[in-house]
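Next come the chains, spelled out residue by residue.
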Amino acid sequence: MAGHRIRKYSRRTRSQYKKSVAPIVLSVIAFLLLSVIISVVIGISLQRRVEETGESDKRFDFPKVEYNSGDKVVSGVEAYNFPKGADAASYIMQDIPDLSVCIRHRDGEMDYYFDVAGQYGFDDMDSTYSFSTLCNAAHGAGGRVCAYLYIGAFEIEDEYQREIRKAYEIALIREAAESGADDILLLGLDVKGDNIAEIEAFVAKAAIAADKTPLGVAVSVDTVAQNDKEIYYAARLRSACDYLALDLTHLTLTDGSSKGEDENGNKLPSLLEETLAAHEYYIKSYPMRVLLASDQSKLYIPTLALGVTDMQIVGE
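Presented here is a report on the structure given in the accompanying data block.

## Some words on the packing of helix H7 (residues 196–209) against helix H9 (residues 233–240)
Piece 1. With their axes 8 Å apart at the nearest point, H7 and H9 run at an angle of 25 degrees to one another. On the basis of the axis angle, H7 is roughly parallel to H9. The element H7 and its partner H9 pack so that their crossing is right-handed. Between H7 and H9, the contacting residues are Ile 196, Ala 197, Ile 199, Glu 200, Val 203, Ala 204 and Ala 207 on the first element and Tyr 233, Arg 236, Leu 237, Ser 239 and Ala 240 on the second.

Right, dumping it as structure tokens:
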């Protein structure tokens, strides 16, 4: 079309053509600039409204966590899953300063080198990556290492062999703390009425071994409600360590979505929201960190949107 238009006015002189076209071009440019400016202003305004709405529409009023546990300082985190071999500085530059780092998986495999593991050889270990080197890199970039490990000692039936394994895992915790972990979380403790006393004693020793590093314990939604003569198991564990974490790794991405609408057209809460509501008192009282599964990490956004301020994503 533009070529046809040029041929249509080809009889005009070049100076006449320039005089007639110049005002049109300037007008178009001015209109485009004005449109861009208006779009930017509207975009900023809408973003502010979204942010303000997000703050006011939060379902829960969970406070930012920071408190003293003896001579340790426990702080809330937003720790995203940090895979083995990833670059700590790159994560931290993307505004992910809290790194959720697995020391020991549920199957006993270890992602990082530890002297005690190399010495006793209880677990398969990748000696390519040093845990202390990772901690130094994260701290150098201004980040924190939120380490976690699965405890396997209580799966051993023989009580004497179990003691050997417990001593080894406490030694792992000690080395992790000395290597620079900013906090350490224990997973895989299946608390029951017949083992609560033994687990409580183990956690207390682990907290001492961690020295200045806060040590936490993951508890299931069932454990939170368990009690013996009105003494809650979660409370007993909390008295032995520095913080608790509510294990919601069983939730899936669909559990973060609304279940639809009721007969009055009101939006029904998601399973995630219902679970948090059922445990709101405990999350605030202890207080508790919230754990999500690394393969369901898209729950991260709806969990924060509901008002959770202390969260960590963990793998198996």
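## Examining empty space enclosed by the protein
Piece 1. Applying the stated criterion across every chain, the model contains two cavities of 30 Å³ or more.
Piece 2. When its volume is computed, the largest cavity comes out at roughly 80 Å³.
Piece 3. In this structure, the largest cavity is lined by Phe 62, Pro 63, Val 65, Ile 283, Lys 284, Pro 287, Met 288, Val 290, Val 308, Thr 309 and Asp 310.
Piece 4. Elements with a contribution of two residues or more to the lining of the largest cavity: helix H11 (280–285) and strand S11 (288–293).
Piece 5. Residue composition of the lining of the largest cavity, by class: eight nonpolar, one polar and two charged.
Piece 6. For the second largest cavity, the calculated volume is near 30 Å³.
Piece 7. Contributing to the lining of the second largest cavity are Val 65, Tyr 67, Val 74, Tyr 243, Leu 244, Pro 287, Met 288, Arg 289 and Asp 310.
Piece 8. When residues of the lining of the second largest cavity are traced back to their parent elements, those giving at least two are strand S10 (243–247) and S11.
Piece 9. Its residues placed into classes, the lining of the second largest cavity shows seven nonpolar, no polar and two charged.

## Some points on the sheet that holds strand S5 (residues 144–150)
Piece 1. Taken in spatial order, the eight strands line up as S3-S4-S5-S6-S7-S10-S11-S12 and close into a barrel, and their pairing is parallel. For this sheet, the mean angle separating the axes of adjacent strands, direction not counted, is 30 degrees.
Piece 2. The sheet contact formed by S10 and S11 spans four bridges and is parallel. In the strand pairing of S11, Asp 247 is matched with Leu 291.

## Quick look at the side chain of Asp 183
Piece 1. Within the element layout of this structure, Asp 183 appears in strand S6 (residues 183–187).
Piece 2. A polar contact of 3.2 Å, which involves the side chain of Asp 183, links it to the side chain of Arg 289.
Piece 3. Those residues in contact with Asp 183, other than ones at most four positions away along the chain, are Val 77, Val 145, Cys 146, Ala 147, Thr 213, Pro 214, Tyr 243 and Arg 289.

## Describing the environment of Leu 99
Piece 1. Within the fold, Leu 99 resides in strand S4 (residues 98–104).
Piece 2. Residues in contact with Leu 99, not counting those within four places in the same chain, are Ala 79, Tyr 80, Phe 82, Ala 88, Tyr 91, Ala 138, Arg 144, Val 145 and Cys 146.

## Quick word on a nonpolar patch on the surface
Piece 1. Residues Tyr 120, Phe 122 and Ile 164 make up a contiguous nonpolar surface patch of about 320 Å² in total accessible area.
Piece 2. Position of Ile 164 among the secondary structure elements: in helix H6 (residues 159–179).

## Quick notes on the packing of H6 against H7
Piece 1. Contact geometry for H6 and H7: axes closest at 8 Å, N-to-C directions at 30 degrees. Here H6 lies roughly parallel to H7, going by the angle between them. H6 and H7 meet at a crossing whose hand is right-handed. Here Arg 162, Glu 163, Lys 166, Glu 169, Ile 170, Ile 173 and Arg 174 of H6 lie close against H7, whose contacting residues are Glu 198, Phe 202, Lys 205, Ala 206, Ile 208 and Ala 209.

## Considering H6
Piece 1. The first and last C-alpha atoms of H6 sit 30 Å apart over 21 residues, in line with the 30 Å expected at 1.5 Å per residue.
Piece 2. Along H6, the residues classified as buried are Arg 162, Arg 165, Lys 166, Tyr 168, Glu 169, Ile 170, Leu 172, Ile 173, Glu 175, Ala 176, Ala 177 and Ser 179.
Piece 3. Positive phi shows up at Gly 180, right after H6, with a value of about 120 degrees.

Quick notes on the rules
- Residues numbered from 1 in each chain as written.
- Predicted model: local features only at pLDDT ≥ 70, side-chain atom pairs only at ≥ 80, totals over all residues.
- Heavy atoms only, no water.
- Axes fitted to C-alpha atoms, helices over the stretch in contact; angles between N-to-C directions.
- Helix = DSSP H or I, 4+ residues; strand = E, 2+ residues; numbered from the N terminus.
- Parallel < 35°, antiparallel > 145°, perpendicular 65-115°, else oblique.
- Left-handed = near helix turned anticlockwise from the far one by under 90°.
- Contact = heavy atoms within 4.5 Å.
- 1 Å grid on protein atoms, 1.4 Å probe; cavity = no way out; pocket = protein on both sides within 12 Å on 5 of 7 lines; lining within 4 Å.
- Points joined across faces, edges and corners; volume = space filled by probe spheres on them.
- Nonpolar A, V, L, I, M, F, W, Y, C, P; charged D, E, K, R; others polar.
- Pairing = 2+ DSSP bridges.
- Polar contact = N/O pair within 3.5 Å; in protein donor to acceptor, adjacent residues only side chain to side chain.
- Patch = residues over 30% accessible without salt bridge, like charges linked within 9 Å, V, L, I, M, F, W, Y side chains within 5 Å.
- Areas by Shrake-Rupley, 256 points an atom, 1.4 Å probe, with all protein chains shown as cover.
- Salt bridge = Lys/Arg side-chain N within 4 Å of Asp/Glu carboxyl O.
- Expected span 1.5 Å × (residues − 1).
- Buried < 20%, exposed > 50% of the residue type's maximum accessible area, 1.4 Å probe, protein only.

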